[in-house]
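# Inside the fold
Chain by chain, the residues:
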Amino acid sequence: MKRTLFQEFSKGLSVSNPVFGLVLGLCPALAVSTSVSNAIGMSAAVIFVLTCSNIIISSIKRLIPKEIRLPCFIVVIATFVTIVELVLHAYFPNLRTSLGIFVPLIVVNCIILGRAEAFACRNTVMRSMFDGLGMGVGFSFSLIIISVIREVLGTGEILGIPVLAKAEPALFFVLAPGALFTLGVLIAISNHFRYKRGQTVKLKGGCH
Amino acid sequence: MDVNFNKILTIIISMVFVNNFILSKFLGLCPFIGVSRRTKPALSMGAAVIFVMTGSSIITWLLYRYILVPFHVEYLRTVSFILVIATFVQFVEMFTLKNFPALYETLGIYLPLITTNCAVLGVAVLNINDFFMEGYSVLASFSYSVIQAFFAGVGFTLALFLMSAIRERLDLAEIPECFKGVPIAFIVASLMSLAFMGFTGFRF
């Protein structure tokens, strides 16, 4: 059964959400989710790289020899990451400082290479574009959920606007352990609903 | 600034404990969750990571210092580093398969996984960020980079080994259905990270 373009787009949000469903792209999801503004910046970068690399890879898929396809994918992805780096450098220096080394590390984000390998190299340009957009939006969705939880509980603010005026924020959530804890609980919640719906998809962690 | 042994000691403590790659910098989480079910594979994976991180740091440092900087093409850093690392890993894989089949049996299967391990590219980029400022002599910059890469790998292995030892025992624990597998691994990692935070402020 052929999926429609909208289904290609929406699967990234629900069934195969990259972070909660497939457990991919964890490092940036945890490292840059300390504040909502960082998360939004990172999301925009990932959506851009994922969509563009999917478009390029699916359009040159016939030209790439099978044996060296991974290096070819990596070069395409790295090119777009460099574009993002230069744009951040020129127009958003503050965001660049707070994202730090996670901007160049978008290259090795398993979501992007994973979609190139699993989808873009065997589907049409149009489908790949929607797949990239959907996966990117799914990633952003999870990133923003994590960052909202961490920023609200950890600092009592969202984007600088105080929301928990009366409560003492728990610094734990802004620090590294809080990120791991939040992600663990969120995956458990997502598993809970999955089992409830009768899906017994066994989660396998890691990129491969 | 010449090579300073205090600085070296600081780098070692920082990479293994204080700024542990997995538990405080979130680099290399995928293998941390994926290969930490049993202790033996975890150790083999750790050894492979230490080797690849050190090797690729040497190569990327030389590449940056003697090719990218003289030609003023520093912006090609990401593209060139990832290509060099991928090639290096492929080369090591073929070399061990041909010459040390026994070693390949234990380490080789983890080598392809390492190309996309963000810790490897991460340490290469960190070396450039940390030790390429004015004031570092060539020798100091190079030796700090190599030491940083090696001990980042050691810290990675330490966290991976501890985690796998805990997860072997977790198999016998009674855990709510929806927490089984990956979620509980994250909770455990969170507690470990909390423990490692105790090293913060440990200075010389």
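Keep in mind it's a predicted model, so treat the numbers as computed, not measured.

Once that is clear, we can look at the overall build of chain A. For chain A, the count of helices and strands is eight helices and two strands. Along its sequence from the N terminus, chain A presents helices and strands in the succession α-α-α-α-α-α-α-β-β-α. For a compact globule of 208 residues, the expected C-alpha radius of gyration is about 17 Å, and chain A comes in at 18 Å, within 12% of that figure. If you line up chain A on its principal axes, its C-alpha atoms span 60 × 50 × 25 Å. The 208 residues of chain A split such that 46% are buried. Of all intrachain contacts in chain A linking residues separated by at least 6 positions in sequence, the fraction that spans at least 24 positions is 74%.

Check the secondary structure of chain B and you find nine helices and zero strands. The helix and strand sequence of chain B, counted from the amino end, reads α-α-α-α-α-α-α-α-α. The C-alpha atoms of chain B give 18 Å as radius of gyration, which agrees with the globular expectation for 204 residues (17 Å, within 12%). Counting only C-alpha atoms and orienting by the principal axes, one finds that chain B spans roughly 60 × 45 × 30 Å. Taking all 204 residues of chain B together, the buried fraction comes to 44%. Sequence-distant contacts, at least 24 apart, represent 79% of the contacts inside chain B between residues at least 6 apart.

All names here are of chain B. Where helix α1 (residues 5–18) meets helix α8 (residues 138–170), the closest approach of the two axes is 7 Å, and the angle between their N-to-C directions is 30°. Between α1 and α8, the angle is such that the two are roughly parallel. Every pair of crossing elements has a handedness; the one defined by α1 and α8 is right-handed. Across the interface between the two elements, Ile8, Ile11, Ile12, Met15 and Val16 from α1 touch Tyr144, Ile147, Gln148, Phe151, Ala152, Val154, Gly155 and Leu158 from α8. Tallied by class, the residues present in the contact of α1 with α8 amount to eleven nonpolar, two polar and no charged.

Take the nonpolar core next. The biggest cluster of nonpolar side chains holds 107 residues, and the ones touching the most others in it are A:Leu30, A:Val49, A:Ile77, A:Val107, B:Ala119 and B:Leu121. Considering each element in turn, this core owes the most residues, ten residues, to α8(B). Contact partners of A:Val107, with chain neighbours within four places excluded, come to A:Ile74, A:Ile77, A:Ala78, A:Val81, B:Thr78, B:Ile82 and B:Leu121.

Residues and elements named next belong to chain B. In this model, chain B carries a mean pLDDT of 86, and residues with pLDDT of at least 70 account for 95%. Mean pLDDT across the elements of chain B ranges from a minimum in helix α6 (residues 111–115), with 74, to a maximum in α8, with 92. Both scores are given for the predicted complex: the pTM is 0.86, the ipTM 0.84.

Moving on: the interface of chain A and chain B. Taken together, the 38 residues of chain A in the interface contact 37 residues of chain B. Counting residues per element, the ones that place at least two in the side of chain A that touches chain B are α2 (26–31), α4 (69–91), α6 (110–118) and α8 (176–196) of chain A. Here the side of chain A that touches chain B gets eleven residues from one element, more than from any other, and that element is α8(A). Class assignment for the residues of the side of chain A that touches chain B results in 29 nonpolar, eight polar and one charged.

Residues and elements named next belong to chain B. The backbone of Phe26 sits at a positive phi, close to 60°, despite the residue not being glycine. With respect to the helices and strands, Phe26 occurs in the loop between α1 and α2 (29–34). Backbone geometry places His72, a non-glycine residue, at a positive phi of 55°. Note on placement: His72 falls in the loop between α3 (39–68) and α4 (77–99).

All names here are of chain A. Checked against the element boundaries, His192 lands in helix α8. Since 15 C-beta atoms lie within 10 Å of it, His192 is described here as partly exposed. Separated by 123 residues in the primary sequence, His192 and Arg69 have C-alpha atoms spaced 38 Å apart.

Rules of the game
Residues numbered from 1 in each chain as written. Chains lettered and ligands numbered in written order. Predicted model: local features only at pLDDT ≥ 70, side-chain atom pairs only at ≥ 80, totals over all residues. Helix = DSSP H or I, 4+ residues; strand = E, 2+ residues; numbered from the N terminus. Rg over C-alpha atoms; globule rule 2.2 N^0.38 Å. Buried ≥ 20, exposed ≤ 12 C-beta atoms within 10 Å, placed from the backbone. Contact = placed C-beta atoms within 7 Å. Axes fitted to C-alpha atoms, helices over the stretch in contact; angles between N-to-C directions. Parallel < 35°, antiparallel > 145°, perpendicular 65-115°, else oblique. Left-handed = near helix turned anticlockwise from the far one by under 90°. Nonpolar A, V, L, I, M, F, W, Y, C, P; charged D, E, K, R; others polar. Core = buried A, V, L, I, M, F, W, Y, C linked by C-beta atoms within 7 Å. pLDDT = per-residue confidence, 0-100.

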